[in-house]
Amino acid sequence: MRLNKLFIATLLAFSTLALQSCLKDQEDFFDESSSERMQAVLENTKAVLTNSDNGWIFDYYPDRNLSYGGIIYALKFDDKKVSVRCELSPDMEETSFYKLNTNNGPVLSFDSYNTLMHFFATPSSGEYEAKDGDFEFMIMDVTEDRITLRGNRTGNTMYLHRLNEAPDAFIHAAGKIYDTNVVPSANGAVGAIALTCKNDINTHYMEFFWGEDNSQSSGEYYLSTSTGIRFKNPITIEGATISELNYAYDDSNKSGTFTGEDSNGNQISLTGVLPETYAFFDDYIGNFSFRYYSGLRSINVKIDGDKMIGEYTLTGFNDRYTVAASYNKANGCLEINAQLLGINGNEAVWLAAWSLGGGGSLAWDSSYGVFVIKDPDRPGTFTITPNNGSLATDSFILWTTDLSGSSTGQLSDPNWMINGSTQLPYLNSLVKL
C-alpha cells in the first residue's frame, strides 16, 4: 500500500511539472492574450471590408436545406454602415448599420433592420422562422480578395468576393440573369461528352446527365453572377470540374444558352427553349378583364406586383379588399389560391377554391386554386386552369367561417360580394386591356 501511495505522489508531481512546462510553452507561443488576438481579427476584417472602392459580392445561401439556392448581394462598407443591393430588387438600395463583435468567435452582424439584408431572416405570421436566413456570420477566413463566413443559424458557408465593378451595374446585370435564367432544361456537350441538364428554377439547382441512357449525373446549387451562374461547389464530370457558366437569353426565340469551360479546358455549350406558354413576372402587370361564367361575364381588375417577393395584388373585385396572387417562376404563370379576404364582424370571409363542375367540393386551404397561363395563340390572353389535381378548381366562391375556423356557410353580407354575387363560376381567362 505504501509503495502505491509513493508511486501516485510521484506521478502527480510529474504531471504538475509537465503542465507548468506546457503552460510556459503556451505563454511563449502566444505573445498576446486571446481577447487581444480576437480584437486584431476584427480590426483586420474591418480594414479589408472598408478598403474596397466598389465593395463586395456576397454569395448568400439562406435556409439550411438550401430551398432557395443562392442569392447574390452587393455590399459596400464604410466605418459604421453598409449599403445593400440585391438581385431580387436591383433598383433598390438600402443602408443600415453593421457590427464586428465576438460571440464564441469573431462575428460580422447586420444588426439594424435592412429590408434587403433581412428579407430571408424576418419572421411573419405565416413564417415564424422566416425563410431560415442569416444576418449574423462567423468570420472563418480573411484575405484581401475573399472573406469566408459561416451563417450562425444555418451553418452554411458563404463568401464575400471583392467587387471590381460599380455595384449598381453589377447587381442589375445579375438581376437580369436571375430573371431570364428560366429554361427548365438544356442539351449540349462538354468537349466530346453529350450532356443534358435539368434546371430547377425555384431552388437554383442544376443537375447534369451523361453517359449511356444518361446513367451518370452530378448536381449542385448555384447563384447568379453578372455574366451567368456560379456553383456553390464545383460540378465534376468525367474527372473535370465546372465552377461557373456564362448565360445568355435570346428573347427572339425564347431560348437560353449556358457556355464556359471545364478545368481541363473543354468547351461547354447547352441550350434550352422556354415553353410557348411561359410568361414573365411583368407580363401580368396592368389592367385586365377577368372573365368567368365561361367568358360571358367579366370584371375589370388592376394587377400590381412586387417582384422581390414574387407577389401580386388584384384590385377591382370589391373596394373592401384586394385579392392576392403569386408568380410561379418554374411554370412562368400567375397563381391565385384560396385566401382570407378579411374579417366581417364575427366571421372570416374567404375566397374559397370551388370545383363546381366536379361536384361542388370547396376548400379554403391556400394550396388549392388556379394557374393563369399565357395563351400562345391569343396575345394578351391568359387562360385559367386548376393548379391541384386533388381539387379541380374551376370556380371561386365567397365562403365564411367563424373565428375558430369552422364553416358558417356561403357569404350573406352583400357589401362583400363581387358583382353582386358570392360566386365566380367557371373561370375562363384574364385578358389585357
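> Could you clarify how one ought to interpret a nonpolar patch on the surface in this entry?
A cluster of nonpolar side chains, namely Leu 340, Ile 343 and Leu 403, defines an oily patch on the protein surface of about 300 Å² accessible area. Assignment of secondary structure puts Ile 343 in strand β23 (residues 339–344). For Ile 343, a relative accessible area of 48% gives the class partly exposed.

> Explain helix α3 (residues 167–180) to me, please; I cannot follow it from the model alone.
Residue pairs spaced three or four apart in an α-helix point in one direction, given the helix's 3.6 residues per turn. When the terminal C-alpha atoms of α3 are compared, their 20 Å separation across 14 residues agrees well with the 20 Å that a helix rising 1.5 Å per residue should span. For α3, the complete set of buried residues consists of Phe 170, Ile 171, Ala 174, Gly 175, Ile 177, Tyr 178 and Thr 180.

> Would you mind going over the side chain of Ser 83 with me for this structure?
Here Ser 83 is to be found in strand β3 (residues 81–86). Once you skip the residues sitting within four places of it in the chain, Ser 83 turns out to touch Ala 74, Leu 75, Lys 76, Glu 93, Glu 94 and Thr 95.

> Is there a simple way to think about empty space enclosed by the protein in this case?
In this approach a probe as big as a water molecule rolls over the atoms, and the regions it shows empty are the leftover space. This structure, assessed with the given rule, holds one cavity of 30 Å³ or more. Its volume calculated, the largest cavity comes out at about 40 Å³. In terms of lining residues, the largest cavity is bounded by Phe 290, Phe 317, Val 323, Ile 336, Leu 351, Phe 396, Ile 418 and Leu 424. Taken together, the residues that form the lining of the largest cavity break down as eight nonpolar, no polar and no charged.

> It is not clear to me how the packing of aromatic side chains should be interpreted in this structure. Could you clarify?
Here the distance between the centres and the angle between the planes together describe a pair of aromatic rings. Scanning the entire structure with this criterion turns up 24 aromatic pairs. The interplanar angle of 65 degrees and the centroid separation of 4.8 Å between the aromatic rings of Tyr 205 and Tyr 221 together place this pair among those described as edge-to-face. In this pair, Tyr 205 sits in strand β12 (residues 205–210) while Tyr 221 sits in strand β13 (residues 216–224), placing the two residues 16 residues apart along the sequence. A centroid spacing of 6.1 Å and a plane angle of 70 degrees characterise the contact between Tyr 284 and Tyr 312, whose relative ring orientation is edge-to-face. In this pair, Tyr 284 is assigned in the loop between β17 (267–273) and β18 (286–292) and Tyr 312 in strand β20 (residues 311–318), connecting sequence segments 28 residues apart. In terms of burial, Tyr 284 and Tyr 312 fall into one category: buried. Three or more aromatic residues joined by ring pairs form one cluster here, namely Phe 58, Tyr 60, Tyr 68, Tyr 73, Phe 77, Tyr 98, Phe 110, Phe 119, Phe 120 and Phe 137. Cation over ring: Lys 329 sits above Tyr 178, and NZ or CZ is 3.4 Å from the ring centre.

> For this particular structure, what's the right way to read unusual backbone geometry?
Note on backbone geometry: most residues besides glycine have negative phi, and most peptide bonds are trans. Residues other than glycine seldom take positive phi values, yet Leu 66 does so here, at roughly 55 degrees. Mapped onto the elements, Leu 66 comes out in the loop between β1 (56–60) and β2 (71–77). Taking the relative accessible area as the measure of exposure, Leu 66 reaches 13% and is therefore buried. For Asn 419, which is not a glycine, the phi torsion comes out positive at approximately 55 degrees. Along the polypeptide, Asn 419 turns up in the loop between β29 (407–410) and β30 (423–424). Classification of Asn 419 by relative accessible area gives exposed; the value is 52%.

> So what exactly am I meant to see when it comes to the layout of surface pockets here?
When its volume is computed, the largest pocket comes out at roughly 1100 Å³. When residues of the lining of the largest pocket are traced back to their parent elements, those giving at least two are α3 and β21 (321–328). A class-by-class count of the residues in the lining of the largest pocket yields 14 nonpolar, ten polar and nine charged. Empty space within the second largest pocket amounts to approximately 210 Å³. Taken together, Glu 311, Tyr 312, Ala 324, Ala 325, Ser 326, Glu 335, Asn 337, Ala 338, Gln 339 and Ser 366 make up the full set of residues lining the second largest pocket. Only β20, β21 and β22 (333–337) provide two or more residues apiece to the lining of the second largest pocket. It is β21 that contributes the most residues to the lining of the second largest pocket, three residues altogether. Looking at the lining of the second largest pocket residue by residue, the classes come out as four nonpolar, four polar and two charged.

> Can you help me understand the pattern of salt bridges in this one?
Side chains that carry opposite charge are capable of pairing whenever their charged atoms lie near each other. Per the counting criterion, the structure on display carries 13 salt bridges. Glu 144 serves as the salt-bridge partner of Arg 162, at 3.6 Å between the closest nitrogen and oxygen. One end of the pair, Arg 162, is in strand β9 (residues 157–162); the other, Glu 144, is in the loop between β7 (136–142) and β8 (146–151), and 18 residues separate them in sequence. Here Arg 162 falls in the buried class, since its relative accessible area comes to 18%.

> Would you mind going over the confidence of the model for the protein chain with me for this structure?
For the protein chain, the mean per-residue pLDDT works out to 91, and 93% of the residues sit at or above 70. Under a pLDDT of 50 for its full length, residues 1–30 has, in the predicted model, one contact with residues more than four places off or in other chains.

> Could you clarify how one ought to interpret the nonpolar core in this entry?
Within soluble globular proteins, side chains that are nonpolar generally end up buried alongside one another. Phe 208, Phe 290, Phe 317 and Ile 336 are the most contacted members of the largest nonpolar core, which totals 61 residues. Dropping the residues within four chain positions of it, Phe 317 is found in contact with Phe 290, Ile 299, Val 301, Val 323, Met 417, Ile 418 and Leu 424. Listed in part, the 29 residues of the second largest apolar core include Leu 49, Tyr 98, Phe 120 and Phe 137.

Conventions and cut-offs
Residues numbered from 1 in each chain as written. Predicted model: local features only at pLDDT ≥ 70, side-chain atom pairs only at ≥ 80, totals over all residues. Heavy atoms only, no water. Patch = residues over 30% accessible without salt bridge, like charges linked within 9 Å, V, L, I, M, F, W, Y side chains within 5 Å. Areas by Shrake-Rupley, 256 points an atom, 1.4 Å probe, with all protein chains shown as cover. Salt bridge = Lys/Arg side-chain N within 4 Å of Asp/Glu carboxyl O. Helix = DSSP H or I, 4+ residues; strand = E, 2+ residues; numbered from the N terminus. Buried < 20%, exposed > 50% of the residue type's maximum accessible area, 1.4 Å probe, protein only. Expected span 1.5 Å × (residues − 1). Contact = heavy atoms within 4.5 Å. 1 Å grid on protein atoms, 1.4 Å probe; cavity = no way out; pocket = protein on both sides within 12 Å on 5 of 7 lines; lining within 4 Å. Points joined across faces, edges and corners; volume = space filled by probe spheres on them. Nonpolar A, V, L, I, M, F, W, Y, C, P; charged D, E, K, R; others polar. Phe/Tyr/Trp six-rings, centres within 6.5 Å; stacked < 30°, edge-to-face > 60°. Lys NZ or Arg CZ within 6 Å of the ring centre and 35° of its normal. pLDDT = per-residue confidence, 0-100. Core = buried A, V, L, I, M, F, W, Y, C linked by side-chain atoms within 4.5 Å.

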